[in-house]
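# Residue-level structure breakdown
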Amino acid sequence: MDETEVLIAGAGPVGLALALALTQRGVAVRVLEKREGLSAASRASTFHPPTLDALHELGVLAPLLPGGVRVDRILWRRVDSGAAATIDLGILAGETGFPFRWHREQQDLTPALAAALPAGCLRFGAGVMALAQDAAGVTLRAADGSTHRARYAVGCDGASGALRGLAGIPAETNAYAHRVLRLLTPLDLRQVVPGLDGLGYLYDETGSCSLLRMPRNWRLIFRIAPEMSDAEAMAEDHARARIARFLPQAAGMEIEGRDVYGVTRAMATAYRAGRVLLAGDAAHLTNTRGGMNMNAGIHDAMTLAATLPRVLGGAPEQLLQGWADSRLAVVREALLPRTDSRVAASPAEEVSRMAALTPAEQLVWAREASMLDLARVGMPS
Ligand SMILES: Cc1cc2nc3c(=O)[nH]c(=O)nc-3n(C[C@H](O)[C@H](O)[C@H](O)COP(=O)(O)OP(=O)(O)OC[C@H]3O[C@@H](n4cnc5c(N)ncnc54)[C@H](O)[C@@H]3O)c2cc1C
């Protein structure tokens, strides 16, 4: 049986960030990953300021930064009246080393994190199948037949992972009532939409469209009706009609990729069961609006990495429970309500609501949208 101090299930951005942060604190870790390699799926696009602070602290940000898109201003715009509002994230200078959003594919981050880990601590093809825990530690059995023992195990194995269930932690789940159509275009939408930097929300009286500039293209995001099939949503005539509604001047733009994904809302009812802890999608799922869920998972990882070594070093387990309770409160009281309110925002009123914010209210909005008020919750004092 292989022994280490901390076992991590899942080599997504959260498990790898946790592994690196623990390693840098001198903790021996092993990451067990179900797949045969890192996921190359196109998922998260958005990195918020405190996440950039964390990646900088981990030493992986500098080489990645030039390949991403820096977004200084967010635009809200009515396509019918032309009314607009803008928030400049530069107002966050002084609170973070990175007062901007940064857009880069999630699958560009994970190899950088993995490459920074000590050789041999990441094991592929080793999906966790079984768990046993006792007063001294945790034993995990993986799909490749290997068995691993450690003082703690952390489930960073995502929404479909095994550790939460094996540890007997229930989840509260309810799907949002919509799915999302994502279109990719090489057209530089800054040439089409006045005032657009790297992120824009376009509205008419009843609907909206999000525009995100990525390193190689732009993402256009539309909600689709529950009764529409994925195939109908992706069909050329439907895609063109959605573009024409919000960007009539660019209705013929090249579409180089399209997909549909569902957005789910879920929360584990606890972050800890004995010597098993959770972080990232294993503990929480939100709507992708606002781009918060991976970011919050990385904040789970960074705060846990600051807490766990103390407990390994002899501090009372109560410290770990404090971390678990704090992060659960972040999800319940801020992460989910915050994304819910964005999903529920009235298209007819959103631009005027944002335009009416005072400078002090803009600062509060930017701080909350960036999760600067949440990222360090759970850090030991
Ligand atoms: C289209 C889309 C856009 C998104 N945009 C954003 C965004 O802009 N900003 C944002 O913050 N979030 C965004 N998200 C959410 C983000 O992708 C997730 O929150 C993020 O991937 C969570 O990371 P994770 O490491 O917790 O889980 P995952 O990335 O799901 O990684 C879990 C890993 O565990 C492995 N695994 C599963 N089961 C086991 C097992 N039994 N044993 C071992 N390993 C296992 C999996 O193979 C996987 O590698 C988006 C999601 C989607 C779908």
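A brief look at the structure comes next. Predicted model, so just to flag it, every value in this text is computed and none were measured. (Residues numbered from 1 in each chain as written. Predicted model: local features only at pLDDT ≥ 70, side-chain atom pairs only at ≥ 80, totals over all residues. Heavy atoms only, no water.)

## Some thoughts on unusual backbone geometry
Counted only if it meets this: A helix here means a DSSP run of H or I that spans at least four residues, while a strand means a run of E at least two residues long, and both kinds are numbered starting from the N terminus.
Positive phi values are uncommon outside glycine, yet Met371 reaches one of about 65 degrees. You can see Met371 is positioned in the segment after helix H11 (359-370).

## Looking at the pattern of salt bridges
To be explicit about the condition: Whenever Lys or Arg places a side-chain nitrogen within 4 Å of a carboxyl oxygen from Asp or Glu, that contact is recorded as a salt bridge. Note on classification: 1.4 Å probe, protein chains only; a residue is buried when its accessible area is under 20% of the maximum for its type, exposed when over 50%, partly exposed between these limits.
Counted by the stated rule, this structure contains 23 salt bridges. Residue Glu33 is joined to Arg35 by a salt bridge in which the shortest nitrogen-to-oxygen separation is 4.0 Å. Overall, the relative accessible area of 8% leaves Glu33 in the buried class. What makes Arg35 partly exposed here is its relative accessible area of 46%. Between Arg104 and Asp108 there is a salt bridge, and its shortest N-O distance comes to 3.1 Å. A single burial state applies to Arg104 and to Asp108, both of which are buried. Each of Asp2, Arg30, Arg123 and Asp144 takes part in a single network of salt bridges with overlapping partners.

## Considerations on the side chain of Arg272
So the rule is basically this: Any pair of N or O atoms that falls within 3.5 Å is considered a polar contact. Within protein, one atom must be able to donate a hydrogen and the other to accept it, and sequence-neighbouring residues count only if both atoms are side-chain atoms. Only heavy atoms matter for contacts: two residues are in contact if any of them lie within 4.5 Å across the pair.
With respect to the helices and strands, Arg272 occurs in strand E19 (residues 272-273). A polar contact is formed between the side chain of Arg272 and the backbone oxygen of Gly274, at a distance of 2.9 Å. Among the polar contacts made by the side chain of Arg272, one reaches the side chain of Gln321 at a distance of 2.7 Å. Dropping the residues within four chain positions of it, Arg272 is found in contact with Ile169, Leu277, Glu317, Gln321 and Ala324.

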